[in-house]
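As a plain string of letters, each chain reads:
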Amino acid sequence: MRFTLLRRMSFVDLASLRIKYKSEKEIFLESSIDRKEPISLFRKWLQDACETPEIIEPNAMCLATATKDAVPSARFVLLKDVTEDGFTFFTNYESRKADELAENPNVALAFYWLPLRRSVRIEGSATRISREASETYFHQRPRASQIGAVASPQSKPIPSREFLDQKEKAIKEELGPDGEVPLPNWGGYLVRPKAIEFWQGQTNRLHDRIRFRKELMAGETVDGTLLHQGEEGWMFERLAP
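Criteria and cut-off values
- By convention here, each chain's residues receive numbers from 1 onward along its written sequence.
- Local features in this predicted model are restricted to residues whose pLDDT is 70 or higher, and side-chain atom pairs enter the listing and the counts only when it is 80 or higher, whereas totals over whole chains, interfaces and linings include all residues.
- Note: side-chain values were computed over all heavy atoms of the structure, leaving out hydrogens and water.
- To qualify as a nonpolar core, a set must consist of buried Ala, Val, Leu, Ile, Met, Phe, Trp, Tyr and Cys residues joined through side-chain atoms within 4.5 Å.
- Between buried and exposed lies partly exposed: a residue is buried under 20% and exposed over 50% of the maximum accessible area for its type, with that area taken using a 1.4 Å probe on protein chains only.
- Secondary structure follows DSSP: runs of H or I at least 4 residues long count as helices, runs of E at least 2 residues long count as strands, and numbering of each begins at the N terminus.
- Two residues form a contact once any of their heavy atoms are found within 4.5 Å.
- Classification of ring pairs uses Phe, Tyr and Trp, with its six-membered ring standing for Trp, and accepts pairs whose centres are within 6.5 Å; under 30 degrees between planes counts as stacked, over 60 as edge-to-face, and the remaining range as tilted.
- Two conditions define a charge sitting above a ring: the NZ of Lys or the CZ of Arg must be within 6 Å of the ring centre, and it must be within 35 degrees of the ring normal.
- UniProt positions are given in the numbering used here, feature names are shortened, and annotations may be inferred rather than shown by experiment.
- Salt bridge, as used here: a side-chain nitrogen of Lys or Arg that lies within 4 Å of a carboxyl oxygen of Asp or Glu.

1. Description of the nonpolar core
Here is step 1 of the chain: F42, F87, W113, V120 and F198 are the most contacted members of the largest nonpolar core, which has 35 residues in total.
Here is step 2 of the chain: Residue assignment for this core shows that the elements contributing at least two residues are α2 (38-50), β1 (60-66), β4 (87-92), α3 (96-103), β5 (106-113), β6 (118-128), β7 (186-200) and β8 (208-213).
Here is step 3 of the chain: Those residues in contact with F42 that lie beyond four places of it in its chain are L79, V82, F87, F111, W113, V120 and F198.
Here is step 4 of the chain: Counting 10 residues, the second-largest nonpolar core is a separate cluster that includes Y137, A149, V181 and L183.

2. Considering the packing of aromatic side chains
Here is step 1 of the chain: Scanning the entire structure with this criterion turns up 15 aromatic pairs.
Here is step 2 of the chain: Judged by centre distance (5.2 Å) and plane angle (55°), the rings of F28 and W45 are tilted. Of the two residues, F28 sits in the loop between α1 (2-10) and α2 while W45 sits in helix α2, which places them 17 residues apart along the sequence.
Here is step 3 of the chain: Under the relative-accessibility criterion, W45 is labelled buried at 2%.
Here is step 4 of the chain: One aromatic cluster in this structure is built from F28, W45, F198, F212 and F236.
Here is step 5 of the chain: Lying across the ring of W45, R118 places its NZ or CZ 4.3 Å from the centre.

3. Thoughts on the UniProt feature "domain: Pyridoxine 5'-phosphate oxidase dimerisation C-terminal" (unreviewed entry) in the protein chain
Here is step 1 of the chain: In the numbering used here, UniProt assigns the feature "domain: Pyridoxine 5'-phosphate oxidase dimerisation C-terminal" (unreviewed entry) to residues 186-241.
Here is step 2 of the chain: Across residues 186-241, the secondary structure splits into 0% helix and 48% strand, with the terminal C-alpha atoms separated by 39 Å.

4. Brief notes about the pattern of salt bridges
Here is step 1 of the chain: Tallied over the entire structure, the rule returns 18 salt bridges.
Here is step 2 of the chain: Note that E84 is salt-bridged to R43, the shortest N-O span being 3.1 Å. Highlighted residues: E84 in the loop between β3 (81-82) and β4 and R43 in helix α2, separated in sequence by 41 residues.
Here is step 3 of the chain: Of the residues examined, R43 reaches a relative accessible area of 35% and is grouped as partly exposed.
Here is step 4 of the chain: Each of R35, E37, E231 and E232 takes part in salt bridges that share partners, so that together they form one network.

In structure tokens:
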């Protein structure tokens, strides 16, 4: 009886979970996009997320990679720069994601800012940034984070938590309080986007989706009805939810 009660108490009806999104007065229209290219729009949405107190890490993004055989994996990383060229994140170059990027540079990024009822999806390819740029950023990080990057053989099996703590302690003792932390096999990737989709949720589930992309599909033209010419080499279109 007690076991049955606990099961009933802990059960969640996933099918009934539903939140309210935007109202019909807050639809996301093409006319609201000042410049018809995605980088400036992304920066605006990211700024809105940064100014929303409920969003603790507005630069957190899901990074999806795949092996050469198209076996996918995904994890959350932090966006550290966005320029006209693309989106930059940092990681250990011996991690699983780095191994997969060496086999297959095609990636996808996803941001989800729940309080704003907004999401952004990015598809593109990733390349390493220069060692100089990686080293500059590495030494801007808190010293504890630098030491942690040296101590952790990311994605590799380890015997225990104590193993990491001992490595961290040994590095601190070796470097002393002021010694410069050497750059490990670690650095940045630049994701050059081929497509960027902006999603805004609507309570009636007729969500707004506007996608920017750079490549035409076979037999496709910029007709001004379904596909529109944007700026900086981008085209844009509205997708059904």
